[in-house]
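Coordinate analysis (summary)
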Amino acid sequence: MQQYSSLPDHNSQIDVRPKPLTTIEQLRAKLWLESSLNQLQGRLNDCLLSACNTVSQPGAAETKILQTVVNEINSAVNSSNLAVTDCAVGIALFEPEATVATVCYVSSSLSPNSQPLSLELLTAEKKLLLRLQEVIELEDLQQLENQQPPSAWRLADDSGNVMGWLIIAAAPLNSARDSLIKSLAQLRSQFMARSAKHCTTALVQLRHILSWQQRHQELNNSNQELERTNQLKNQFLANTSHEIRTPLSSIIGFTHLLLARGYEPTKERQQEYLNIIQSSGKHLLALINDILDLSKIEANQLEVQWETIDVPMLCSNVFALVKEKAANKGLKLRLKLDPDITTLVADPLRLKQMLLNLLFNALKFTSTGSVGLEVVPKDLSVYFTVWDTGTGISQEDQAQLFEPYFQIAKAVAGGEGTGLGLAVTQKLAQIHGGSVKVESEVNCGSRFTLVLPFKQEAGEAGDEGDEGAGEEKSSSLPLPFTPSSSVDILLVENDLSNAHLMQIYLRKLGYRVTWVKNAAEMWEALPQLDPVLILMDVHLADGNGLKLVQQLQENQQYRAIPVIVQTAMAMKGDRETCLTAGVNDYISKPIDLPLLASLIAKYSKPPTTGELEE
């Protein structure tokens, strides 16, 4: 008879099948876990979407995420059977390389008057309170993370950098329900660990969003700046074209009249037309110089030469330059100097340029009355105030007064001026550590005040200064007299018109000028001449003038001959480049004929008699 054992078979599934009640509890726990995490993820997605749609401060978006995490976890835990006892959630943040963290967020269930819950360290007789601004050491957080069940979870990014700690604190447990409490604590620990991952992911995504927003803003700003630059370029070209064409029209028009067949103007008319041509040419040159000055200032390439200036003498020299224009308009000039002001450290050429710009503007806008300059000390600065009794300037125009090319509409018949003078003056004043101020009312005159410090703390005078300064010093020399005997000069010039002009002028001064138009002709002419000086054009058809100078320096027979270069180069460093190549001096085009004569007299035999009227 077959025997049956009363014990269940070892492989029987009946005994190992979970009880229905246990299974339902596990399903409920899992359902709660996934539902709560989905709820948390949904709230975090809302925060990230809000950060995408609105440009907010990085700290505000991060605060919203961290507070959302704390509140959602607290709500999920306290709305379920996990809340066997009172509990609270918080987040502690710390700076990189720090050894302590500060609790910056706590769950909203903790009212300001409620007692904070504590965190127990199982390996030490120590309790940590979970409350705002509580400082917790990094070692304690690590211990809370490693104990079972854990009470802290680190928030680390993809690179392992810890951004903070997610913390939960609970009231003491009831020991009568140890088994249930243990299972619920494990479920809560699992929920907290996954919530910490959701929080970390959201913070990393937020950083990406903010980085993209910043990049977008930078690109947007760059596009706006490019658009503004393009508009300024178009405005620059339009204004420059107009300003250049206006004097050119006078030059070409009156030249055409003088050359027209059958037209024989009187000597007085010829003189009038020639004066207009010369005035238009000087106006055109002034415009080009203003453009170059503005370009050099904008590119931070303008060099200044600091010197101790005799202020009364400089002001007198400036007044001498505007005296004729004031007399032509029937205006009186007033100069008032404080006796305490004697010297000032500045660039004399640029200071004169600033004062002339202001005085010429005052004369331009004044029909009757007077124009004056008042110089007074104040604190550690000198105040140069140019005033007039002219038309005045409206508040609307004052707002744009120092913009390049801005001109007051209908201010002066004929549109005199380039619209660059005040812009250049303001920038030159800023380079000197000063400023320009304006006070004006319509029909009540204007007051422009140039404020400059007495002394400059930085910058020393260069050996040569800029090319303009060097040329002004040379042009102050008197015109040379005709030499007693012929002096040979070799002119190497590529341009026929310039060569013809210099030949005529220098021959009338008594010099004997031999003109060659390229390097090959120069080398052919030199053995047949004994020139006391060579005038060298930089740009030649068959070579570079500066290289020719170097070749002359290397030739024992010609190295003692002085060389003056004439060139259209007028930017920063051009003069220094020429001098480094071995030339003795430099003059820029268009050629200032009196300056040219002075330079030649300097490097040739001293003049004795005769003079050419300009």
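Structure shown above.
Here's what I pulled together on the structure shown here. (Residues numbered from 1 in each chain as written. Predicted model: local features only at pLDDT ≥ 70, side-chain atom pairs only at ≥ 80, totals over all residues. Heavy atoms only, no water.)

**Digging into helix H15 (residues 593-603)**
- Of all 11 residues making up H15, eight are buried, and the element is well covered by its neighbours.
- Along H15, the positions that sit buried rather than exposed are Leu593, Leu595, Leu596, Ala597, Ser598, Leu599, Ile600 and Ala601. (Buried < 20%, exposed > 50% of the residue type's maximum accessible area, 1.4 Å probe, protein only. Helix = DSSP H or I, 4+ residues; strand = E, 2+ residues; numbered from the N terminus.)

**Focus: the pattern of salt bridges**
- Across all of its chains, the model carries 13 salt bridges by this definition.
- Across the pair Glu272 and Arg269 runs a salt bridge whose closest N-O atoms are separated by 3.0 Å. On the criterion of helical spacing, the pair formed by Glu272 and Arg269 is a turn pair, its members being three residues apart in helix H5 (residues 267-298).
- Residue Glu272 is classed as partly exposed on the basis of its relative accessible area of 36%.
- What emerges from the salt-bridge pattern is a single network uniting Glu493, Asp537 and Lys589. (Salt bridge = Lys/Arg side-chain N within 4 Å of Asp/Glu carboxyl O.)

**Some thoughts on the packing of H5 against helix H9 (residues 421-431)**
- Close contact between H5 and H9 brings their axes to 10 Å; oriented N to C, the two are set at 40°. Taken together, the axis directions place H5 and H9 in an arrangement best described as oblique. Crossing hand, H5 versus H9: left-handed. Contacts from Asp290, Asp293, Leu294, Ile297 and Glu298 in H5 reach Val424, Lys427, Leu428 and Ile431 in H9.
- Residue composition of the contact of H5 with H9, grouped by class: five nonpolar, no polar and four charged. (Axes fitted to C-alpha atoms, helices over the stretch in contact; angles between N-to-C directions. Parallel < 35°, antiparallel > 145°, perpendicular 65-115°, else oblique. Left-handed = near helix turned anticlockwise from the far one by under 90°. Contact = heavy atoms within 4.5 Å. Nonpolar A, V, L, I, M, F, W, Y, C, P; charged D, E, K, R; others polar.)

**Focus on the nonpolar core**
- Leu351, Phe384, Phe448 and Leu450 are the most contacted members of the largest nonpolar core, which totals 45 residues.
- The element that contributes the greatest number of residues to this core is helix H7 (residues 348-364), accounting for eight residues.
- With sequence-adjacent residues up to four places away left out, Leu351 is seen in contact with Ile309, Leu314, Leu344, Phe384, Leu450 and Leu452.
- Grouped together as the second largest cluster of nonpolar side chains are 35 residues, Cys47, Val77, Ile168 and Leu210 included. (Core = buried A, V, L, I, M, F, W, Y, C linked by side-chain atoms within 4.5 Å.)

**Structural notes on the packing of aromatic side chains**
- Counting across every chain of the model gives three aromatic pairs.
- Centroid distance Trp32 to Phe191: 4.9 Å. Interplanar angle 55°. Geometry classified as tilted. Taken together, the residues span a long stretch of sequence, with Trp32 in helix H1 (residues 20-53) and Phe191 in helix H4 (residues 178-259) at a distance of 159 residues.
- Here Trp32 falls in the buried class, since its relative accessible area comes to 16%.
- Ring geometry for Phe254 and Tyr273: centres 5.0 Å apart, planes at 40°, overall tilted. Of the two residues, Phe254 sits in helix H4 while Tyr273 sits in helix H5, which places them 19 residues apart along the sequence.
- Relative accessible area serves as the criterion here: at 8%, Tyr273 is assigned to the buried category. (Phe/Tyr/Trp six-rings, centres within 6.5 Å; stacked < 30°, edge-to-face > 60°.)

**What to know about the sheet that holds strand E20 (residues 563-567)**
- In space, the five strands of this open sheet follow the order E16-E15-E17-E20-E21, with parallel pairing throughout. Each of the sheet's edge strands pairs with one partner strand only, and the pair in question is strand E16 (511-516) and strand E21 (585-588). Ignoring strand direction, the axes of neighbouring strands in this sheet form an average angle of 20°.
- Across the sheet, helix H11 (residues 496-508) lies against strand E15 (487-492), E16, strand E17 (533-537) and E20, angled at about 165° from E16, the strand it touches most.
- Together, E15, E16, E17, E20 and E21 form the strand contacts of H15, whose direction differs from that of E21 by roughly 170°. (Pairing = 2+ DSSP bridges.)

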